[in-house]
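Residues per chain, in single letters:
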Amino acid sequence: MADTAKLCRIGGKVQNVWYRAWTVQQAEARGLNGWVRNLSNGDVEALFAGPADKVADMIAACHEGPKAARVANVAVEDFAGDIPEGFTQTSDA
């Protein structure tokens, strides 16, 4: 399946609930490249790149998140910028 890259903004109670660390684990398990970070408005932003089916599966998982999270929404858009190797938790934006 063709590779794709999606930028996601996850809203709700997603900070201080282990969301970023959970995202790193989930993305690595799917073999995805990208990053995840907190935004100053309380959302979490993540870039997922890899096989389209794995990216879609990761986005679906983001609607649930870790047990303590309360996800209100997940906005997804195509991404055409630089994509890092591996998956990391980056500094807050």
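Per an unreviewed UniProt entry, the protein goes by the name acylphosphatase and belongs to Dongia rigui. Under the UniProt heading Catalytic activity (unreviewed entry), the note attached to the protein is "an acyl phosphate + H2O = a carboxylate + phosphate + H(+)".

1. Looking at the overall build of the protein
Across its full length, the protein carries two helices and five strands. Secondary structure elements of the protein, listed N to C terminal, follow the sequence β-α-β-β-α-β-β. Against the globule reference of 12 Å for 93 residues, the protein gives a C-alpha radius of gyration of 12 Å, in line with a compact fold. In terms of overall dimensions, the protein has C-alpha extents of about 35 × 25 × 20 Å along its principal axes. Considering only intrachain contacts with a sequence separation of at least 6, the fraction spanning at least 24 residues in the protein is 77%.

2. Brief notes about the pairing of strand β1 (residues 3–13)
For β1 and strand β3 (residues 44–51), the ladder comprises eight bridges, and the chain directions are antiparallel. Looking at the pairing, Thr4 lines up with Gly50 of β3. Bridge analysis of β1 against strand β4 (residues 70–78) gives eight bridges, and the strand direction is antiparallel. Counted as the bridge partner of Gly12 is Val71 from β4.

3. Section: the UniProt feature "active site" (unreviewed entry) in the protein
Here, UniProt's "active site" (unreviewed entry) annotation points to Arg20 and Asn38. Maximum C-alpha separation among the annotated residues is 7.8 Å over a sequence range of 19 residues, consistent with a single clustered spot. Mapping Arg20 onto the fold places it in helix α1 (residues 19–29). Residue class for Arg20 comes out partly exposed when judged on its relative accessible area of 22%. For Arg20, the residues in contact, after removing those within four places along its chain, are Val36, Arg37, Asn38, Val44, Gln89, Thr90 and Asp92. A polar contact of 3.4 Å, which involves the side chain of Asn38, links it to the side chain of Arg20.

4. Observations concerning the sheet that holds β4
For sheets, the rule is that strands pair by backbone hydrogen bonds, running either parallel or antiparallel. Across the sheet, which stays open at both edges, the five strands sit in the order β4-β1-β3-β2-β5 with mixed pairing between neighbours. Both edges of this open sheet fall to β4 and β5 (87–89), since each of them pairs with a single strand only. On average, adjacent strands in this sheet sit at an angle of 20° to one another, irrespective of strand direction. As defined by bridge partners, strand β2 (residues 33–38) adjoins β5 across three bridges and the pair is classed as parallel. Across the sheet, Val36 pairs through a bridge with Gln89, a residue of β5. Each of β1, β2, β3, β4 and β5 touches α1; the most contacted strand, β5, lies at about 175° to it. Where helix α2 (residues 52–62) meets the sheet, it contacts β1, β3 and β4, and its direction lies at approximately 155° from that of β3.

Cut-off values and rules
- Residues numbered from 1 in each chain as written.
- Predicted model: local features only at pLDDT ≥ 70, side-chain atom pairs only at ≥ 80, totals over all residues.
- Heavy atoms only, no water.
- UniProt positions renumbered as here; feature names shortened; annotations may be inferred.
- Helix = DSSP H or I, 4+ residues; strand = E, 2+ residues; numbered from the N terminus.
- Rg over C-alpha atoms; globule rule 2.2 N^0.38 Å.
- Contact = heavy atoms within 4.5 Å.
- Pairing = 2+ DSSP bridges.
- Buried < 20%, exposed > 50% of the residue type's maximum accessible area, 1.4 Å probe, protein only.
- Polar contact = N/O pair within 3.5 Å; in protein donor to acceptor, adjacent residues only side chain to side chain.
- Axes fitted to C-alpha atoms, helices over the stretch in contact; angles between N-to-C directions.

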